[in-house]
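What the coordinates show
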Amino acid sequence: MSRCSRFLATMLVALFSFVFIAGAMAEDRSLVVYSSVDEENATNILKAFTEDTGIKVNMVFLSSGPALSRIEAEKANPQADVWFGAPNENHIVAKTRGLTRPYVSSEAEVLADNFKDSEGYWYAFYMNPLGFGVLDEELKDQGIPVPESWADLTKAEYKGMIQMPSPQSSGTAYAMVQTLMTVLGEDGAFDYMKKLNPNIQTYTQSGTGPSKNLAIGETDIAIQFTPAFLKLVDQGYPSKVIFPAEGVGYEAAALSIVKGAKNLDEAEALVDWIISKKGQSSLSAAKTYFFPVRSDVSAGEGVPVLSEITLIDYDREKAAKDKKRIVERWVTEVLGQ
């Protein structure tokens, strides 16, 4: 073999070795995620993350309460790297209990303050605003206009046409009550709900009950968080989503890096990716019907971007403390029981 041939052979061996080692390193990159996002949507979102980054995700599905309990139980020897999902109130609790660690993402600046912790302990990555699902063609056939505001819903023409969840059993309904209290004050909100009561056909037990009944035509107007309404519209169901003019409350799902995470670089990569424009776009690509928290990413065709929706925030810790009193007042003053 000539000197030139030996040199080329050596270079080829080195190149193949590099490719093999690099490939092996890429295969080794992985992280463990405790997901409180529903399994189907979490799988689709995290699959997109793996396709973009090469980082494999080992996901364990746990609803928010069990996830927080498990992370706390494993505090001395963490088994998860990231807690993914659950409303941000839960991540605030995890921070105060010393279960998570801060990370200042390079993507964080684009998020509004209500979608991130000031020290980087958690970041919201999607939100679900309240809204109305409306059978607009049905209303049109009856000569009734589509309601555009909370105030509209109290008009006599909507008598017995609206479904919403009960604050006695639904966190969604309690978010609506808190939204109205922020807009109208507590007494003003109760005056409003007493006026609204004759127009309520049914107070459902479940927060998603109204959309299910809208889909089978049992009600013309439904109030709840909007993903189910957006899904109906996307599937071609003859309905419309309204965000009332006065503004809407919302829930914001967040993620945190677990303190003591064994795959820290990969955990930080997930944080960066999910709040990046590409990660946020995956929400609509995967048809999650979740609203992106970035104002420059659309939730999908025909759906307004976040900057076009008036969001109503409130003190969630105070809301939790006041819940028993407020629900009891609702039962007494609105239901008259």
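As a reminder, the structure under discussion sits directly above these lines.
Calculation notes
- Residues numbered from 1 in each chain as written.
- Predicted model: local features only at pLDDT ≥ 70, side-chain atom pairs only at ≥ 80, totals over all residues.
- Heavy atoms only, no water.
- Helix = DSSP H or I, 4+ residues; strand = E, 2+ residues; numbered from the N terminus.
- Buried < 20%, exposed > 50% of the residue type's maximum accessible area, 1.4 Å probe, protein only.
- Pairing = 2+ DSSP bridges.
- Salt bridge = Lys/Arg side-chain N within 4 Å of Asp/Glu carboxyl O.
- Polar contact = N/O pair within 3.5 Å; in protein donor to acceptor, adjacent residues only side chain to side chain.
- Contact = heavy atoms within 4.5 Å.

**Some remarks on unusual backbone geometry**
A positive phi is found at Lys287, a non-glycine position, where the angle reads about 55°. Mapped onto the secondary structure, Lys287 falls in the loop between helix 11 (277-285) and helix 12 (316-333).

**Some words on the pairing of strand 3 (residues 82-87)**
Within strand 3, five of the six residues are buried, leaving the element largely enclosed by the surrounding structure. As defined by bridge partners, strand 1 (residues 30-35) adjoins strand 3 across three bridges and the pair is classed as parallel. In the sheet register, Ser35 faces strand 3, and the bridge partner there is Phe84. Bridging between strand 3 and strand 10 (residues 250-258) involves four bridges; their strand directions are antiparallel. Across the sheet, residue Pro87 finds its bridge partner in strand 10, namely Ala253.

**A closer look at the pattern of salt bridges**
One pass over the full model with this rule turns up 21 salt bridges. Here Lys194 makes a salt bridge to Asp191, at a shortest N to O gap of 3.8 Å. Linking Lys194 with Asp191, this pair stays in helix 7 (residues 186-196), spanning three residues, or about one helical turn. Across the pair Lys318 and Asp322 runs a salt bridge, and its minimum N-O distance is 2.6 Å.

**Observations concerning the side chain of Asn128**
As for its placement among the helices and strands, Asn128 is situated in strand 5 (residues 122-134). When its relative accessible area of 4% is taken as the criterion, Asn128 is described as buried. Among the polar contacts listed, one links the side chain of Asn128 to the side chain of Glu251, at a separation of 2.8 Å. In this view, Asn128 contacts Phe225, Pro227, Gly249, Tyr250, Glu251, Tyr289, Phe290 and Phe291; residues no more than four positions away in its chain are not counted.

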